[in-house]
Amino acid sequence: MMENRDPLSTAEVIAVGSELLGTTRIDTNSLYLAGRLGSLGITLRAKSVVGDDRRELAQALRAALDRVDLVVLSGGLGPTDDDVTRDAVADVLGVPMAEDPAIVERIRARFAKRGLRMPEVNRKQAMVPSGATVLLNPLGTAPGLMVEHGRKLLLLLPGPPRELKTLFESLAEGPLKERAGPHRLFRATLFVTGQSESQVEEIAQPLYSRRLHTEPAIETTILAAPGQIEIHLSTRADDAELATRLLADARAELAEALGPDVFSTDGRPMEQIVGELLAGRGWTIGVAESCTGGLLLSRLTDVPGSSAWVTGGVVAYSNAMKSLFADVPPELMQAHGAVSEPVAVALAEGIRARAGSQIGVGITGIAGPSGGTEAKPVGTVAIAAVGPEGPARVRTFWFLGGRTQVKFNATQAALDMVRRLLL
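Enquirer: For this particular structure, what's the right way to read the environment of Gly313?
Expert: Looking at the element boundaries, Gly313 is found in strand β14 (residues 310–315). Residue Gly313 is classed as partly exposed on the basis of its relative accessible area, which comes to 33%. Considered as a pair, Gly313 and Ala204 are 109 residues apart in the sequence and their alpha carbons are 38 Å apart. Residues in contact with Gly313, not counting those within four places in the same chain, are Val287, Leu297 and Ile351.

Enquirer: When you look at the sheet that holds strand β15 (residues 359–365) in this model, what are you seeing that I'm missing?
Expert: Two orientations exist for strands paired in a sheet by backbone hydrogen bonds: parallel and antiparallel. Reading across from one edge, β14-β13-β15-β16-β17 is the order of the 5 strands in this open sheet, with mixed pairing throughout. In this open sheet, the two strands that pair with only one neighbour each are β14 and β17 (393–398). Between one strand axis and the next, the sheet turns through 10° on average, direction left out of account. In the sheet, strand β13 (residues 285–289) pairs with β14 via 5 bridges, with the strands oriented parallel. If you follow Glu289 over to β14, its bridge partner there is Val315. Across the sheet, helix α14 (residues 403–422) lies against β13, β15, β16 (380–386) and β17, angled at about 25° from β16, the strand it touches most.

Enquirer: What exactly am I supposed to notice about the packing of aromatic side chains here?
Expert: Ring pairs (aromatic) are described by centroid distance and by the angle formed between their planes. Applying the stated rule across the entire model yields 3 aromatic pairs. Ring centres of Tyr32 and Phe168 lie 6.0 Å apart, and the angle between their planes is 80°; this geometry places the pair in the edge-to-face category. In this pair, Tyr32 is assigned in helix α1 (residues 29–39) and Phe168 in helix α5 (residues 161–172), connecting sequence segments 136 residues apart. We note that Tyr32, like Phe168, is buried.

Parameters and conventions
- Residues numbered from 1 in each chain as written.
- Predicted model: local features only at pLDDT ≥ 70, side-chain atom pairs only at ≥ 80, totals over all residues.
- Heavy atoms only, no water.
- Helix = DSSP H or I, 4+ residues; strand = E, 2+ residues; numbered from the N terminus.
- Buried < 20%, exposed > 50% of the residue type's maximum accessible area, 1.4 Å probe, protein only.
- Contact = heavy atoms within 4.5 Å.
- Pairing = 2+ DSSP bridges.
- Axes fitted to C-alpha atoms, helices over the stretch in contact; angles between N-to-C directions.
- Phe/Tyr/Trp six-rings, centres within 6.5 Å; stacked < 30°, edge-to-face > 60°.

Right, here's the structure in full:
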């Protein structure tokens with residue numbers, strides 16, 4: 001256990017590895033660390049990726065130590081010449097390194113369990129900067145290291161995500177929890193569809209601005225994400241009950257102001273919301289997709305238990321398949337074009353009848369980048385949803401972006417149409 005020290009309030013993450021500067025590897029550790037540090041009440045001020053260069057890493061570390069209390073370095077603890085994290089830390093702190101015989105024996109035993117001899121290069125992983133605490137790694141050969149430097153704290157963690165998370169979790173429940181201070185970070189979210197980011201901001205800003213002056217204050221971030229606008233609320237407090245109540249009040253006030261365009265207040269995605277509404281009624285859904293190529297059905301069936309409310313669907317890409325699998329009359333397509341509201345309704349009605357489901361959805365459009373016309377440009381998508389009662393819901397959308405974005409936004413709009421029908 002650490003002695004009593006100044007609380008840790010700010011942090012920086014440095015991901016080490018030249019492979020992370022390319023196009024084939026993504027630094028996912030920083031995402032995990034950002035969330036976990038936040039849950040401890042430690043604010044992540046910056047994160048960066050540095051290649052396997054001892055001098056550049058030392059420069060990045062010096063800059064981080066100047067501005068935050070906690071620096072977490074991930075990666076660069078392997079046995080090869082390009083694993084330079086330990087060396088860079090020793091350079092910056094001005095301390096020598098020495099081999100830890102206990103680490104050598106652990107690595108040797110790990111190889112022996114697999115009937116292998118430990119290569120001598122693995123001794124590098126036993127080099128420890130003077131004053132560092134060794135963090136045993138049960139999942140790999142590279143131990144982690146914890147170094148106190150004045151009022152600052154450095155954590156050196158292995159790069160493989162499973163190993164990093166295992167070591168960090170043990171620290172989060174021990175030394176970091178002790179040093180994090182009394183305040184914790186609490187969050188709440190709202191997901192909105194059918195409105196732009198600026199429209200949401202116009203409605204939400206007068207409400208959330210007042211809560212910046214409460215105690216504890218509530219901070220609000222509005223983000224545009226594919227197919228939705230996200231409102232993230234957060235506050236730091238040492239009273240969990242008070243923080244939870246204040247966030248719930250703020251979320252409820254925003255939800256009332258934004259009305260039915262709010263589809264999730266707890267992070268659940270649209271497909272899960274729709275699935276739960278269908279399950280609540282004991283209804284099923286069938287879908288007929290053209291330009292989305294099966295993406296809607298894929299999203300619906302990504303939800304565990306969806307077999308209870310998804311009957312199935314078809315990808316009716318060509319006009320012939322629209323007639324064959326969803327009973328769309330050829331003359332309807334000749335009269336209105338395949339991308340039209342009448343055809344979307346016919347797809348929805350045809351698949352509903354064929355699937356024997358209560359809800360039918362039809363999607364037809366032009367995802368691009370070619371195929372658009374002046375009357376129906378790329379991004380034009382007609383979507384229909386039909387239920388057991390009332391007229392079909394149908395609308396033509398014009399989505400911006402590339403092919404992938406158009407396809408996703410079309411499925412999001414289709415799911416939202418079903419959600420509103422079920423409500």
